[in-house]
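# Observations on the model geometry
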Amino acid sequence: MTDSSPRPPSVSLIGPGIVVAATGVGAGDLVATLVAGARFGHVLLWAAILGTVLKIALAEGVGRFTLTSGRTMFEGWTDLPGPRLGRLNWAGGYFGVYVVIWGFVYGAAAMTASALPLTALFPVLDLKAWGMIMGVLGLGLTFLGGYGLFEKIMAGLVGIMFVTVVGLAVIVAPDLPRLLTGLWPTLPGGSGFYVLGLIGGVGGTITTAAYGYWLAAKGWKGPAFVRTMRIDNRVAYAMTGLFVIAMLVVGAELLHASGTALQNGDRGLLDLAQVLEDRFNRPVAVAFLVGFWATAFSSLIGVWQGVSLMFADFTAHLAGRPDDEALKGSRSPAFRAYALWLTFPPMALLFLERPYALIIAYGVLGSLFMPFLAGTLIWLLNSGRTPAEWRSGPVSNGLLIVSAVLFAVLAGREIVALA
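Owing to the predicted nature of the structure, the values given are computational and were not obtained by experimental measurement.

## Describing the overall build of the protein
- When its secondary structure is counted, the protein shows 17 helices and two strands.
- The long-range share in the protein, meaning contacts at least 24 apart out of those at least 6 apart in sequence, stands at 84%.
- For the protein, the exposed surface amounts to about 16700 Å²; the carbon and sulfur share of it is 67%.

## Overview of the nonpolar core
- Of all hydrophobic cores here, the largest spans 135 residues; its most connected members are Trp77, Phe95, Leu272, Phe369 and Leu373.
- For this core, the element with the most residues is helix α13 (residues 282-319), which contributes 19 residues.

## Quick word on the packing of aromatic side chains
- Considering all chains together, one arrives at 22 aromatic pairs under this definition.
- Positioned above the aromatic ring of Phe143 is the side chain of Arg336, whose terminal nitrogen or guanidinium carbon lies 4.5 Å from the ring centre.

## Description of empty space enclosed by the protein
- One pass over the structure, following the stated rule, counts three cavities of 30 Å³ or more.
- What the largest cavity holds in volume is close to 90 Å³.
- Contributing to the lining of the largest cavity are Ile18, Ala21, Ala22, Val25, Val158, Met161, Phe162, Ala236, Met239, Thr240 and Phe243.
- For the lining of the largest cavity, the leading source of residues is helix α11 (residues 226-256), giving four residues.
- Split into classes, the residues belonging to the lining of the largest cavity amount to 10 nonpolar, one polar and no charged.

## Structural notes on α11
- Along its 31 residues, α11 runs 43 Å from first to last C-alpha, staying within 8% of the 45 Å computed at 1.5 Å per residue.
- For α11, a buried count of 22 out of 31 residues is recorded, marking the element as mostly surrounded by other parts of the structure.

## A look at helix α12 (residues 268-279)
- A rise of 1.5 Å per residue sets the reference length of α12, with its 12 residues, at 16 Å; its end C-alpha atoms lie 17 Å apart and thus fit the reference within 8%.
- All of the buried residues along α12 are Gly268, Leu269, Leu272, Ala273, Val275 and Leu276. An end-on view of α12 places all buried positions within 160° of arc, on one side of the element.
- Turning to α12, the residues buried within the fold contact α2 (27-40), α7 (147-171), α11 and α13.

## Some thoughts on the pattern of salt bridges
- Inspection of the entire model under this criterion finds eight salt bridges.
- Of the charged contacts in the structure, one is a salt bridge between Glu151 and Lys218, with a shortest N-O distance of 2.9 Å. Taken together, the residues span a long stretch of sequence, with Glu151 in helix α7 and Lys218 in helix α10 (residues 211-218) at a distance of 67 residues.
- You can call Lys218 partly exposed: its relative accessible area is 26%.
- Several salt bridges converge on common partners, so that one network encompasses Glu60, Arg64 and Arg230.

## Digging into a nonpolar patch on the surface
- Together, Ile49, Leu50, Val53, Leu180 and Leu183 give the surface a local cluster of nonpolar side chains, amounting to about 390 Å² of exposed area.
- Secondary-structure assignment places Ile49 in helix α3 (residues 45-69).

## Observations regarding the packing of α11 against α12
- Look at α11 against α12: their axes get within 12 Å of each other, and the N-to-C directions meet at 55°. Judged by the angle between their axes, α11 and α12 are oblique. Seen from above, α11 lies across α12 with left-handed handedness. Each of Met247, Val250, Glu253, Leu254 and Leu255 in α11 lies in contact with α12, whose residues at this interface are Leu272, Val275, Leu276 and Arg279.

## Considering the packing of helix α1 (residues 16-24) against α7
- Between α1 and α7, whose axes approach to 10 Å, the crossing angle comes to 60°. It follows from the interaxial angle that α1 and α7 lie oblique. Here α1 and α7 pass one another in a crossing that is left-handed. Only Tyr147, Phe150, Glu151, Met154 and Val158 of α7 make contact with α1, whose side of the interface consists of Pro16, Ile18, Val19, Ala22 and Thr23.
- Of the residues that constitute the contact of α1 with α7, the class distribution is eight nonpolar, one polar and one charged.

## A look at the confidence of the model for the protein
- Summary statistics for the protein give a mean pLDDT of 84 and a share of 86% for residues scoring 70 or more.
- No element of the protein has a lower mean pLDDT than helix α14 (residues 322-325), which averages 57, and none a higher one than helix α15 (residues 333-343), which averages 94.

## Let's talk about the side chain of Glu253
- Its location among the elements puts Glu253 in helix α11.
- On the basis of relative accessibility, which here comes to 15%, the residue Glu253 falls in the buried class.
- Here His42 takes part through its side chain, which lies 3.0 Å from a polar atom of the side chain of Glu253.
- With sequence-adjacent residues up to four places away left out, Glu253 is seen in contact with His42, Val172, Ala173, Pro174, Asp175, Arg178 and Arg279.

Conventions adopted
- Residues numbered from 1 in each chain as written.
- Predicted model: local features only at pLDDT ≥ 70, side-chain atom pairs only at ≥ 80, totals over all residues.
- Heavy atoms only, no water.
- Helix = DSSP H or I, 4+ residues; strand = E, 2+ residues; numbered from the N terminus.
- Contact = heavy atoms within 4.5 Å.
- Areas by Shrake-Rupley, 256 points an atom, 1.4 Å probe, with all protein chains shown as cover.
- Core = buried A, V, L, I, M, F, W, Y, C linked by side-chain atoms within 4.5 Å.
- Buried < 20%, exposed > 50% of the residue type's maximum accessible area, 1.4 Å probe, protein only.
- Phe/Tyr/Trp six-rings, centres within 6.5 Å; stacked < 30°, edge-to-face > 60°.
- Lys NZ or Arg CZ within 6 Å of the ring centre and 35° of its normal.
- 1 Å grid on protein atoms, 1.4 Å probe; cavity = no way out; pocket = protein on both sides within 12 Å on 5 of 7 lines; lining within 4 Å.
- Points joined across faces, edges and corners; volume = space filled by probe spheres on them.
- Nonpolar A, V, L, I, M, F, W, Y, C, P; charged D, E, K, R; others polar.
- Expected span 1.5 Å × (residues − 1).
- Arc of directions from axis to C-beta.
- Salt bridge = Lys/Arg side-chain N within 4 Å of Asp/Glu carboxyl O.
- Patch = residues over 30% accessible without salt bridge, like charges linked within 9 Å, V, L, I, M, F, W, Y side chains within 5 Å.
- Axes fitted to C-alpha atoms, helices over the stretch in contact; angles between N-to-C directions.
- Parallel < 35°, antiparallel > 145°, perpendicular 65-115°, else oblique.
- Left-handed = near helix turned anticlockwise from the far one by under 90°.
- pLDDT = per-residue confidence, 0-100.
- Polar contact = N/O pair within 3.5 Å; in protein donor to acceptor, adjacent residues only side chain to side chain.

Structure, rendered in structure tokens:
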């Protein structure tokens, strides 16, 4: 009898790792990194590197739990101790509320971020029109293609991001000796806010938890794929870390010395495009705007695909049939329903002022997700839910604890800012 179970490739096939890492770096992270470089130069380089290491630990924990337990992250959360309501415990209920509110506001934010560079490049349409086109395009790609097509599109977008942003960092001619001084952890006056943002912004969103779903979609199942997953994860986040460092260099070299300030939010990237056009030429600014679009749109389709998988898993458990519905991908009615929820209802926010109460709920729930993920991984990877030989050791536990504390501080800062 032949063994038909999937076998790990002889070399790492870069796929799910680059998908989850690229999805987590959006236009807002680019602005935060640029502003940090503009205000403090190169001295916060160490924070970007630390953020990369912590995200590697988080994604590795998600992948290791999924591969060695044979269970999804949502299935793991359903085992957490605490009060229950029907088939769901507190963690499942939190996820259900979170994913509905977060998805509504994120859909509008993602469409807007993807539309901004296109509006600058092709002003024949306004921001709202380009935003709706991006949302419908993301929906179409999510519905029409399986994971294979999705991964190829993401790889192409990552290539554009990498070439444009890293190429831009090379063009601005960084001072390498001065850059290397940023490896030593220092905290200039007033930098605490930016340090937390840099550490927290290296590819960290709800889609970190979707890594296990993408591993399954890729066909990587079972403990035999743990080594492959680890290589995939480390290479992907190393690329993302280099991407973030490149943006820090751009901010330090172009904006720090001149004292140039950026607008708040994603629109600050349009300011940078104008600076590039003034400093270099129009083609350099256009190349940057294309990279800006690739960064924003990769986050959009990553959420449309990954969080829809998680929602399908959630609804299957709620209905009591996880084995029948979970992980069917775009064939699942719940997957399609959530992708539609991300696309059409948020279009109303492109026309109207976003309701204040909704924004408060979105901010609070969103800020609490990453400490929730880190904390639950600590529990799952040190309990009987994970086979003994695959439980976390001192290094993994240490990094997860640091992540949990860091993201709890970030959550507290976010909640205070919203109050």
